[in-house]
Amino acid sequence: MAADRPSALRRLVLPVAPVLLAMAAATLAYNLSWRIEDDSVHQATALLSGIVLFASIGFGALFTYPMAFFQGAAVAERILACLATPLAWNLKEMVRVSEFFTAGETLYYGINSIFLLTVIGTFAQMGICEMVCRRSLARRGRTHVRVVTAVPVLSVLLGIAAVAVMLVWGRGVHWFYIYMEGYKALFLAGC
């Protein structure tokens, strides 16, 4: 490891912490908002915390990736940093459903459409961020930086394709049926 390379705290923890903490705080606020007696305050709290929750899980990579990039994180570290919040959220959801699903069903639930789209969307965002960060380096005079390369472009295109298949194709119904057929084959075979 180079002596001038930032610590793991700067490369990973600092980029992840704000988004992960926003998700945790928004989850807590959303889940406890029903306790607020004033209905308008309850609704406003639920709405605001829901928006923060959605943004942190679905779009946190737009914050995390550039921060990790400019802190000197390697590509694998940037990927890990960007996936930390969606993975933490999915793990929390899997623990929640494990109260009424078997262990196998809980694992299958863990690859549901929302989580898959979140992961694929996160990779698409990382592709966009990679090109934007490279562009920033090029503008700063780093002439050896290629802004557009195959992997970031491919991640963006796969993200668009995933949205087309999982959300647009039959308004998501077709993909849901594919998912449910997998569930039936794994857990209801012979019934």
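All values derive from a computational prediction rather than experimental measurement.

Structural notes on the environment of valine 19
If you trace the backbone, valine 19 turns up in helix H1 (residues 8–32). With 102 residues separating them along the chain, valine 19 and glycine 121 place their C-alpha atoms 16 Å apart. With sequence-adjacent residues up to four places away left out, valine 19 is seen in contact with Ser56, Gly60, Phe63, Thr64 and Thr85.

Quick look at the packing of aromatic side chains
All chains considered together, the criterion is met by 10 aromatic pairs. Look at phenylalanine 54 and phenylalanine 59: their rings are 5.7 Å apart centre to centre, the planes differ by 65°, and that puts the pair in the edge-to-face class. Residue classification places phenylalanine 54 among the exposed residues on the basis of a relative accessible area of 57%. Plain terms: the ring middles of tyrosine 108 and tyrosine 179 are 4.7 Å apart, the flat faces sit at 20° to each other, and that makes the pair stacked. Residue tyrosine 108 is located in helix H5 (residues 103–109), and its partner tyrosine 179 is located in helix H8 (residues 173–187); the two are separated by 71 residues in the primary sequence. Each of the two residues, tyrosine 108 as well as tyrosine 179, counts as buried. Every member of this aromatic cluster is reached through a ring pair, and the members are Tyr108, Tyr179, Tyr183 and Phe187.

A word on unusual backbone geometry
Phi is positive for arginine 171, which is not a glycine, with a value near 55°. The residue arginine 171 is located in the loop between helix H7 (150–168) and H8 in this model.

A look at the side chain of arginine 134
Note that arginine 134 resides in helix H6 (residues 113–139). On the basis of relative accessible area, arginine 134 is assigned to the buried category, the value being 16%. Among the polar contacts made by the side chain of arginine 134, one reaches the side chain of glutamate 130 at a distance of 2.7 Å. Arginine 134 has contacts with Phe69, Val145, Arg146, Val147, Val148, Thr149 and Pro152, leaving out every residue within four places of it along the chain.

Structural notes on the pattern of salt bridges
Overall, the coordinates contain seven salt bridges when judged by the stated rule. In this structure, arginine 78 and glutamate 130 form a salt bridge, with 3.2 Å as the shortest nitrogen-oxygen distance. Separated by 52 residues along the polypeptide, arginine 78 in helix H4 (residues 75–97) and glutamate 130 in helix H6 bring together distant segments of the chain. Both residues of the pair, arginine 78 and glutamate 130, count as buried. A salt bridge links lysine 184 to glutamate 181; the nearest nitrogen and oxygen atoms lie 2.9 Å apart. Taken together, the residues span about one helical turn, with lysine 184 and glutamate 181 both in helix H8 at a distance of three residues. Owing to a relative accessible area of 39%, lysine 184 belongs among the partly exposed residues under this scheme. Each of Arg5, Arg11 and Glu77 takes part in one network of salt bridges that share partners.

Examining the packing of H1 against H4
Interhelical geometry of H1 versus H4 gives an angle of 20° and a closest axis separation of 9 Å. One finds that H1 runs roughly parallel with respect to H4. Pair H1 / H4 crosses with right-handed handedness. For the pair formed by H1 and H4, the contact residues are Arg11, Leu12, Val16, Val19, Leu20, Met23 and Thr27 on the first element and Glu77, Ala81, Ala84, Thr85, Ala88, Trp89 and Lys92 on the second. For the contact of H1 with H4, a count of residues per class yields nine nonpolar, two polar and three charged.

Thresholds, definitions, all that
- Residues numbered from 1 in each chain as written.
- Predicted model: local features only at pLDDT ≥ 70, side-chain atom pairs only at ≥ 80, totals over all residues.
- Heavy atoms only, no water.
- Helix = DSSP H or I, 4+ residues; strand = E, 2+ residues; numbered from the N terminus.
- Contact = heavy atoms within 4.5 Å.
- Phe/Tyr/Trp six-rings, centres within 6.5 Å; stacked < 30°, edge-to-face > 60°.
- Buried < 20%, exposed > 50% of the residue type's maximum accessible area, 1.4 Å probe, protein only.
- Polar contact = N/O pair within 3.5 Å; in protein donor to acceptor, adjacent residues only side chain to side chain.
- Salt bridge = Lys/Arg side-chain N within 4 Å of Asp/Glu carboxyl O.
- Axes fitted to C-alpha atoms, helices over the stretch in contact; angles between N-to-C directions.
- Parallel < 35°, antiparallel > 145°, perpendicular 65-115°, else oblique.
- Left-handed = near helix turned anticlockwise from the far one by under 90°.
- Nonpolar A, V, L, I, M, F, W, Y, C, P; charged D, E, K, R; others polar.

Interpretation note: all reported values are geometric properties and have no functional meaning in isolation.
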